[in-house]
Amino acid sequence: MQAMVLERPGAPLSFKEMPDPLPGPGEVRIRVAACGVCRTDLHVLDGELAEIRYPIIPGHEIVGRIDLAGAGVSGLAPGQRVGVGWLGHSCGICPYCRMGRENLCDRPAFTGCTRNGGFATMAIADAAYVFPLGEADEDAALAPLMCAGLIGWRSLKMAGEGRKLGLYGFGAAAHIVAQVARSEGRSVFAFTAPGDTKAQTFARELGAVWAGDSDRPPPEPLDAAILYAPVGALVPLALKAVRKGGRVVCAGIHMSDIPSFPYALLWGERELVSVANLTRADGMEFLERAPRLGLHTRTRLYPLAEANQALADLKAGAFEGAAVLAP
Ligand SMILES: [Zn+2]
Ligand SMILES: [Zn+2]
């Protein structure tokens with residue numbers, strides 16, 4: 001197979017020809033048709049996550065077809081289209097797994113971080129963590145759903161029932177969550193990097209009732225806000241933007257330090273929480289709903305060998321929506 005491999009933190013990915021991997025017991029081999037590029041991949045590249053194992057093939061928004069199943073796999077057939085996301089495995093026996101919070105598992109595996117991911121023509125996945133995708137929609141359009149969509153869905157649930165929802169950072173996740181929130185009758189307020197009028201226009205096109213600079217207050221108090229941008233300085237701003245009893249959800253896996261802020265911003269029973277990873281139940285719930293939501297994912301396609309360019313463009317904010325690698 002061909003793969004883009006990260007040898008050490010900070011290095012560019014290198015294109016490699018490797019032997020085709022074989023699935024072990026309980027695993028499947030997938031021929032990758034598309035793999036989304038996520039902000040978390042930038043954190044993997046920069047070595048900002050403690051868990052990473054090198055060398056690693058990044059990529060945790062995999063869409064493809066099963067071509068080989070290991071011993072003991074049932075319910076999945078060769079040729080079937082499936083998706084693989086960030087949660088590659090959980091132990092099933094730690095206290096978190098036992099209380100139904102496998103997203104917090106003490107001994108997890110993360111796709112494209114602790115086990116090889118989808119920046120390749122083939123990927124191995126634990127069959128129990130694979131999502132059947134059906135045949136509707138194109139591979140590339142589905143790929144961003146596997147993380148931006150799934151984590152986005154979990155973060156939206158975490159934000160609660162509030163009608164006025166702020167989204168900080170209008171990239172791959174927010175552009176999907178904005179559409180889901182709108183379908184639920186919520187009003188979306190989109191906050192972008194100051195002066196990023198292209199992203200603000202994009203947010204309005206996707207139904208945001210307001211879009212503006214993240215250092216400015218919204219036109220009215222919000223019920224909840226979700227932070228997708230990895231910028232700690234946004235936390236006090238988001239707390240300032242929500243009403244009493246409002247909630248601020250930090251949805252990224254990594255964030256710069258949060259500056260100190262006056263207690264008055266948290267006072268009034270405002271809540272500040274983080275979202276970590278996802279459970280398979282979140283994934284099933286979202287993927288079951290997604291076809292009925294009429295989601296339009298905006299994607300920019302790159303050949304597999306141009307993964308470094310895709311990552312650079314993501315870092316630079318050079319496109320709206322999501323980057324997708326197609327081998
Ligand atoms: Zn566990
Ligand atoms: Zn991701």
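Before reading further, recall that the structure is shown in the block above.
Being a predicted model, the structure only gives us computed values, none of them experimental.

Procedures and definitions
Residues numbered from 1 in each chain as written. Chains lettered and ligands numbered in written order. Predicted model: local features only at pLDDT ≥ 70, side-chain atom pairs only at ≥ 80, totals over all residues. Heavy atoms only, no water. Donors = N, O, S within 2.8 Å, 3.2 Å for Na, K, Ca; no water. Helix = DSSP H or I, 4+ residues; strand = E, 2+ residues; numbered from the N terminus. Buried < 20%, exposed > 50% of the residue type's maximum accessible area, 1.4 Å probe, protein only. Pairing = 2+ DSSP bridges. Axes fitted to C-alpha atoms, helices over the stretch in contact; angles between N-to-C directions. Contact = heavy atoms within 4.5 Å. Right-handed = clockwise from strand over helix to strand, strands pointing away.

Novice: Mind showing me how you'd approach the coordination of the zinc ion (ligand 2) here?
Specialist: Tetrahedral coordination by four donors sets the ideal angle at the metal to 109.5 degrees; octahedral coordination by six donors sets it to 90 or 180 degrees. All of the protein donors around the zinc ion (ligand 2) are Cys38 (SG), His60 (NE2) and Cys147 (SG); their distances to the metal are 2.0 to 2.2 Å. Site description for the zinc ion (ligand 2): donor spacing in sequence, C-x21-H-x86-C. Taken together, the residues Cys38 in the loop between strand E3 (27-37) and helix H1 (39-45) and Cys147 in the loop between helix H3 (139-142) and helix H4 (148-158) connect sequence positions 109 residues apart. Cys147 carries the same exposure label as Cys38, and that label is buried.

Novice: What am I meant to see in the sheet that holds strand E13 (residues 222-227) here?
Specialist: Picture the strands of a sheet paired through backbone hydrogen bonds; they go either parallel or antiparallel. Taken in spatial order, the six strands line up as E12-E11-E10-E13-E14-E15 in an open sheet, and their pairing is parallel. Bordering the open sheet on either side are strand E12 (210-213) and strand E15 (271-274), each of which pairs with just one other strand. Each strand axis lies, on average, 20° off the axis of its neighbour in the sheet, ignoring direction. Looking at chain direction, strand E11 (residues 187-192) and E12 are connected through four bridges and run parallel. By the bridge assignment, Phe191 is partnered in E12 with Gly212. Taken strand by strand, H4 contacts strand E10 (164-168), E13, strand E14 (242-250) and E15, and its axis lies near 160° from that of E14. Sitting on the sheet, helix H6 (residues 197-205) is in contact with E11 and E12, with an inclination near 165° to E12.

Novice: Help me out: how do you make sense of H4 in this one?
Specialist: Side chains of residues three or four places apart in an α-helix project in the same direction, reflecting 3.6 residues per turn. Where burial is concerned, most of H4 is hidden: nine out of the 11 residues are buried. Every buried residue of H4 is listed here: Ala148, Gly149, Leu150, Ile151, Gly152, Trp153, Arg154, Ser155 and Leu156. The elements touched by buried residues of H4 are strand E9 (130-132), E10, helix H5 (172-183), E13, E14 and helix H8 (280-289). Taken from the residues just after H4, Gly160 is the one with a positive phi, measuring 90°.

Novice: What should I look at first to understand the coordination of the zinc ion (ligand 1) in this one?
Specialist: Only Cys91 (SG), Cys94 (SG), Cys97 (SG) and Cys105 (SG) from the protein coordinate the zinc ion (ligand 1), and they sit 2.3 to 2.4 Å from it. Within one chain, the residues donating to the zinc ion (ligand 1) are spaced in sequence as C-x2-C-x2-C-x7-C. One end of the pair, Cys91, is in the loop between strand E6 (87-89) and helix H2 (95-98); the other, Cys105, is in the loop between H2 and strand E7 (109-110), with 14 residues separating them in the sequence.

Novice: What should I look at first to understand the pairing of strand E17 (residues 322-326) in this one?
Specialist: The side chains of a regular strand alternate between both faces of the sheet. Burial within E17 is extensive, with four of its five residues counted as buried. Relative to E17, E3 runs antiparallel, the two sharing three bridges. Paired with Cys35 across the bridge in E17 is Leu325. For strand E16 (residues 299-303) and E17, the ladder comprises five bridges, and the chain directions are parallel. What sits directly across from Arg300, in E17, is Ala323. A crossover links E16 with its parallel partner E17, the connecting element being helix H9 (residues 307-316), and its sense is right-handed.

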